[in-house]
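Structural features, examined
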Amino acid sequence: MKFYNLKENDEQVSFAQAVKQGLGKNQGLFFPKTMPALDNIDELLAMPLVERSVKILTPFVEEDLNEQELTEIVTDAFNFPAVLQPISNDRAILELFHGPTLAFKDFGARFMAKCLQAFVAKDAKVTGQKRPLTILTATSGDTGAAVAHAFHGIDNIRVVIMYPKGKISLLQEKMFTTLGDNIETLMVDGDFDDCQALVKKSFDDNELATTIGLNSANSINISRLLAQICYYFEAVAQLSRAKKDLGDIVFSIPSGNFGNLTAGLFAKAMGLPIKRFIAATNLNDTVPRYLETGEWSPNTTVATISNAMDVSNPNNWPRVEHMLKSGIVESDCVSSVSIDEEQTQSTVIGLSKLGYISEPHAAVAYKALQYNTVDGEIGVFLGTAHPAKFKDVVESILGQPLGLPKELADCAGEPILSKEMAASFADLRAYLLA
Ligand SMILES: *Cc1c(COP(=O)(O)O)cnc(C)c1O
C-alpha cells in the first residue's frame, strides 16, 4: 500500500519511506491510500495480541516487510499487555501503561524503532554503506522516555533528546537521561517551546538534515499510529470474552495531539465494531470549540495537571478531519468535550472511591464518559499513563502515598547523563555535527 501526502496529494510513498521521512512536502501528513477492510473480525478477535496485530498491520506494510519480518517486529515491540479493567457494569479502562516507560507511547515508539531498525539494515544491504540516522526530539516528558527506551541499543541510530531544564519532574527526567549509549540528552536553558523551535530549525536546515539523516519520531509518524490501532482490537477482544452481549461500544480518549483518536478511527474504518468516540480534552479545548462552532481558533496553551494534553494546535487533527469529511468514518462518530481542573481532581477522587487509583489524563476521559453516554452503551476509556508517573499530583489529590513501580524505582538512583546547552541553534548544530 502507498501512503499519500494530505497536502500535496501527488506525493505518494511506500511505508518504509513514510516512516523514514516522517512528514511529507509542505509539512503534509502521510495517510494510507486505501483503508483495508477486515471481514473476519470475529476470527481476529479470537487470536492472541501479536498474531492478530500482524494480520491488522499486514495490508499497510506488506510492500516493505514480509510476514516473518513483521511478526518479529510486532513480537519485539508488543512484549507487554494492554489490560482491560472493569470499573463498573458498563465502564472499563483500557490500561496501556504496562510497557517499559509506563505510558501508551511505548506501543507506537517501540513499533517505530523496530521498523526503522529493519529499514536501515535493508538500506545498508542495498547500498553497501551505512547511512547515518539521527532521531531528534523535544520532549516535555512522556515522549522522550518512550523514544529513548524504544531506540536504546539499536545499532546505527543516534538519538538526541532535548528537554527544558528544571521544567520536568525529576522522575520523568531520570526515565530517559540515565540510559547512555546511543541515547544523548540535552538539558536546554529555556522552555519546551524553545526546544521545539530548535528541532524545527534543524529540520529546516537542509544541509544539516541530510548530513546526519534527521528524523523526529514524534506522533505524526504514521508507524506510531498504525501500532496503536492494535490495542483497540485488543480492548474489544477482551470485552467480548467478558460479555456475551457487547452492546454499543464507545471509546473515550484523553487527547492532546489526537494520535490516539486517529488510531481508533482507523480501527473503526477497518471494521471493528465501535459505535462512536469521545475526544476528551483538558482546558486546551481547540477541538471541542471547533466541533461546536466550525471555527478553528487555538488559544494560548495553558498548563494543567494533565500536562501531556497541554496542546492547543493538535498536529494529528488534519488526519481526523480528513476521515470525518471524506466518509472514511461517519461524520458524526466523534464528539469532544473539555474537562476543567476541578472536575479532573474530583474524578480522580471519585474513581478511587470505586477502588481504582487513576491519574489526571484517564480521569479526564472518564469524566467525559459520565457526561456523555446513554443506557445500553458500554464506555471504555484509555488509561494512557501509570498513576505513579504523576505521583506528586495524585498523592496531593488523594492525600495518600503511592508506591513506585519497578520501572521508576530502577532509574531513580541512576545518575543523569545530560549535557547542558543554551537555547541556541548554532550550539545545537555544532553539537549534532561534532
Ligand atoms: C501523549 C499523551 C496523551 C495524548 O495523546 P495524543 O495521542 O497526543 O492525543 C494523553 N495522555 C498521556 C499520558 C500522554 O502521554
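Residues numbered from 1 in each chain as written. Predicted model: local features only at pLDDT ≥ 70, side-chain atom pairs only at ≥ 80, totals over all residues. Heavy atoms only, no water.

1. Brief notes about the site of the ligand
Close contacts around the ligand come from 15 residues, with Lys105, Asp142, Gly256, Asn257 and Phe258 the closest. Here Asn257 contributes a backbone N or O atom positioned 2.8 Å from an oxygen atom of the ligand. Thr384 places a polar side-chain atom, nitrogen or oxygen, 2.9 Å from a nitrogen atom of the ligand. Against a free-state accessible area of 390 Å², the protein chains account for coverage of 96% of the ligand. For the shell around the ligand, a count of residues per class yields six nonpolar, seven polar and two charged. (Near = heavy atom within 4 Å. Polar contact = N/O pair within 3.5 Å; in protein donor to acceptor, adjacent residues only side chain to side chain. Areas by Shrake-Rupley, 256 points an atom, 1.4 Å probe, with all protein chains shown as cover. Nonpolar A, V, L, I, M, F, W, Y, C, P; charged D, E, K, R; others polar.)

2. Quick notes on helix α6 (residues 142-151)
With respect to burial, α6 is a largely interior element, nine of its ten residues being buried. Within the sequence span of α6, burial applies to Asp142, Thr143, Gly144, Ala145, Ala146, Val147, Ala148, Ala150 and Phe151. Each element contacted by the buried residues of α6 is listed here: α5 (105-127), β6 (133-138), β7 (157-164), α7 (170-177), β8 (183-189) and α10 (222-242). After α6 finishes, the residue Gly153 shows a positive phi value of roughly 85°. (Buried < 20%, exposed > 50% of the residue type's maximum accessible area, 1.4 Å probe, protein only. Helix = DSSP H or I, 4+ residues; strand = E, 2+ residues; numbered from the N terminus. Contact = heavy atoms within 4.5 Å.)

3. What to know about the pattern of salt bridges
Where side chains of opposite charge bring their charged atoms close, a pairing between them can arise. Enumeration according to the criterion identifies 18 salt bridges in this entry. The shortest N-O distance in the salt bridge between Glu69 and Lys122 comes to 3.2 Å. You can see Glu69 sitting in helix α4 (residues 67-77) and its partner Lys122 sitting in helix α5, a full 53 residues away along the chain. Arg158 is paired through a salt bridge with Glu184; the nearest N and O atoms lie 3.0 Å apart. Taken together, the residues span a long stretch of sequence, with Arg158 in strand β7 and Glu184 in strand β8 at a distance of 26 residues. Taking relative accessible area as the criterion, Glu184 reaches 21% and is therefore assigned partly exposed. In this structure, a network of salt bridges that share partners links the residues Asp248, Lys275, Arg276 and Glu377. (Salt bridge = Lys/Arg side-chain N within 4 Å of Asp/Glu carboxyl O.)

4. A look at helix α13 (residues 317-325)
Those residues of α13 that fall on the buried side of the exposure criterion are Trp317, Arg319, Val320, Glu321, Met323 and Leu324. For α13, the secondary structure elements touched by its buried residues are β3 (30-32), α10, α11 (259-269), α12 (286-293) and β12 (334-338). Following α13 by one or two positions, Gly327 has its phi on the positive side, about 80°.

5. Some points on the environment of Cys411
You can see Cys411 is positioned in helix α17 (residues 406-412). Taking the C-alpha atoms as reference points, Cys411 and Gln172, separated by 239 residues in sequence, lie 9.8 Å from one another. Beyond its immediate stretch of four places on either side in the chain, Cys411 contacts Lys174, Met175 and Thr178.

6. Brief notes about the packing of aromatic side chains
The geometry of an aromatic ring pair is captured by two quantities: the separation of the ring centres and the angle between the planes. One pass over the full model with this rule turns up 19 aromatic pairs. Where Tyr4 meets Phe31, the ring centres are 6.4 Å apart and the plane angle is 75°; that geometry is what we call edge-to-face. Placement of Tyr4 in strand β1 (residues 3-5) and of Phe31 in strand β3 is noted, with a sequence separation of 27 residues between them. For Tyr4, a relative accessible area of 13% gives the class buried. Note on Phe78 and Phe107: the rings are 5.5 Å apart at their centroids and 70° apart in plane angle, and the pair reads as edge-to-face. Residue Phe78 is found in the loop between α4 and β4 (83-88), and its partner Phe107 is found in helix α5; the two are separated by 29 residues along the sequence. Here Phe78 matches Phe107 in class, with each residue buried. Among the aromatic residues, those joined into a ring-pair cluster are Phe78, Phe80, Phe107, Phe111, Tyr231, Tyr232, Phe251 and Phe277. (Phe/Tyr/Trp six-rings, centres within 6.5 Å; stacked < 30°, edge-to-face > 60°.)

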